[in-house]
Amino acid sequence: MTPITCIADLQALAKRRVPKMFYDYADTGSWTQSTYHDNEAAFQRQKLRQRVAVNIDNRSVKTKMIGEDVTMPLALAPVGLTGMQHADGEILAAQAAEKFGVPFTLTTMSVCSIEDVAEYTSKPFWFQLYVMRDRGFSESLMKRAYAANCSALCLTLDLQVLGQRHRDIKNGLSTPPNPTPRVLLDLALKPRWCWNMLQTKRRQFGNIHGHVSGVDDMTSLAEWTNSQFDPTLDWSSVEWVKKHWDRKLILKGINDVEDAKIAADVGADAIVVSNHG
Ligand SMILES: Cc1cc2nc3c(=O)[nH]c(=O)nc-3n(C[C@H](O)[C@H](O)[C@H](O)COP(=O)(O)O)c2cc1C
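These numbers were taken from a predicted model, which means no experiment stands behind them. (Residues numbered from 1 in each chain as written. Predicted model: local features only at pLDDT ≥ 70, side-chain atom pairs only at ≥ 80, totals over all residues. Heavy atoms only, no water.)

Draft legend 1. Geometry of the site of the ligand. The full set close to the ligand counts 15 residues, and Pro78, Gly80, Thr107, Tyr130 and Thr156 are the nearest of them. For the ligand, an oxygen atom lies 3.5 Å from a polar atom in the side chain of Asn39. Between the ligand and Thr156, the relevant distance is 2.7 Å, taken from an oxygen atom to a side-chain nitrogen or oxygen of the residue. Protein contacts shield 75% of the accessible area of the ligand, which totals 610 Å² for the unbound molecule. For the shell around the ligand, a count of residues per class yields six nonpolar, eight polar and one charged. (Near = heavy atom within 4 Å. Polar contact = N/O pair within 3.5 Å; in protein donor to acceptor, adjacent residues only side chain to side chain. Areas by Shrake-Rupley, 256 points an atom, 1.4 Å probe, with all protein chains shown as cover. Nonpolar A, V, L, I, M, F, W, Y, C, P; charged D, E, K, R; others polar.)

Here is the structure:
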């Protein structure tokens, strides 16, 4: 195999190996995709000031994030369905993050469950919470993350309604894949992916499947999930979360300075300035 030397190589490899519906899920945005494109362009606009003749023999980017030692100021963001990009993807990503000394954030919408990731890692990871209409379920997720020794809860505030993702609709995205002729053709073209998927038992939304009564098959799971993102989520909901979580709290999706001030007032330990594409 050609050596991987940059992110573009990884992207090309993923495109070759991952079924189109999951590749497109990761590599497209919602509606006009303007946020998706801006997210990348914003980094390209950043320039570093170059100073010379400084002894850089012992350079290091080690620092602390929310009080935790990290080898560089970077954390793996929560990414839904990572376990569909590669079998057991969340476990593998969490192990890689642990190896490199940066935090891993497990999404509510993961394929591997909180317990799975805890079992296969040795350091605490962060858990990202989508507050669901079923507050009892959200509460149980927090309890499970707490029991799994997650050191921080990353509460996403910018996804009360799902943005329309045109490609996902066209590709018939679902977890696990719905065996229509088109989907079967998509999978058949990726035999390595299929083989790896057959070796794992993790092919559902691991944090949800088996944890919500009445939601036990693929159709009911999809319906339940789509109906659960809570449009009433507001600052009082953040207070509610705080009552159930006494470890570090990170508020994610903050993009306005006024919201950042409120986040500080409600006692957030950190904010993530980012948004869903
Ligand atoms: C495929 C994909 C799935 C994502 N899933 C989640 C998720 O489950 N929870 C969440 O809070 N953010 C999710 N995000 C948003 C990311 O965590 C992150 O905030 C966003 O991609 C912006 O960061 P970036 O510019 O580094 O991509 C997702 C993003 C992508 C691209």
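Draft legend 2. Representation of the sheet that holds strand β5 (residues 152-156) within the structure. Spatially, five strands are ordered β3-β4-β5-β6-β7 in an open sheet, and the strand pairing comes out parallel. One side of each edge strand has no neighbouring strand; the edge strands of this open sheet are β3 (105-106) and β7 (270-272). Where β5 and strand β6 (residues 248-252) come together, five bridges link them in parallel fashion. By the bridge assignment for β6, Leu153 is matched with Leu249. Sitting on the sheet, helix α7 (residues 135-147) is in contact with β4 (126-129) and β5, with an inclination near 175° to β4. (Pairing = 2+ DSSP bridges. Helix = DSSP H or I, 4+ residues; strand = E, 2+ residues; numbered from the N terminus. Contact = heavy atoms within 4.5 Å. Axes fitted to C-alpha atoms, helices over the stretch in contact; angles between N-to-C directions.)

Draft legend 3. Layout of unusual backbone geometry. Phi at Ala53 is positive, roughly 55°, even though this residue is not glycine. Structurally, Ala53 can be placed in the loop between α3 (34-45) and β1 (63-65). A positive phi is found at Ile66, a non-glycine position, where the angle reads about 35°. The exposure class of Ile66 is buried, given its relative accessible area of 15%. (Buried < 20%, exposed > 50% of the residue type's maximum accessible area, 1.4 Å probe, protein only.)

Draft legend 4. Main features of the nonpolar core. Of all hydrophobic cores here, the largest spans 57 residues; its most connected members are Ile114, Phe127, Leu129, Leu155, Val241 and Leu251. Among the nonpolar cores identified, the runner-up in size contains five residues, and Ile66, Ala152, Cys154 and Ile250 belong to it. (Core = buried A, V, L, I, M, F, W, Y, C linked by side-chain atoms within 4.5 Å.)

Draft legend 5. Spatial organisation of the packing of aromatic side chains. Applying the stated criterion to the full structure yields four aromatic pairs. Ring geometry for Tyr130 versus Phe229: centroids 4.9 Å apart, planes at 70°, classification edge-to-face. Separated by 99 residues along the polypeptide, Tyr130 in the loop between β4 and α7 and Phe229 in the loop between α11 (218-228) and α12 (235-244) bring together distant segments of the chain. For the pair formed by Tyr130 and Phe229, the shared burial category is buried. Above the face of the Trp245 ring, Arg247 is positioned so that its terminal group lies 5.9 Å from the ring centre. (Phe/Tyr/Trp six-rings, centres within 6.5 Å; stacked < 30°, edge-to-face > 60°. Lys NZ or Arg CZ within 6 Å of the ring centre and 35° of its normal.)

Draft legend 6. Region of interest: the environment of Val18. Tracing the sequence through the fold places Val18 in the loop between α1 (7-17) and α2 (20-27). C-alpha of Val18 to C-alpha of Asp256: the two residues are 238 residues apart in sequence and 36 Å apart in space. Setting aside chain neighbours within four positions, we find Val18 in contact with Tyr23, Met84, Gln85, Lys190 and Trp193.

Draft legend 7. Looking closely at the pairing of β5. Across the five residues of β5, five count as buried, placing the element largely inside the fold. Residues of β5 alternate between two faces, with Ala152, Cys154 and Thr156 on one and Leu153 and Leu155 on the opposite face, all of them buried. Two strands pair when backbone bridges link them, and β4 and β5 are joined in this way by four bridges, in the parallel orientation. Residue pairing across strands places Leu129 opposite Leu155, the latter belonging to β5. Assessed by its sense of winding, the connection that carries the chain from β4 through α7 to β5 is right-handed. (Right-handed = clockwise from strand over helix to strand, strands pointing away.)

In short, the description is geometric, and any link to function would need to be established separately.
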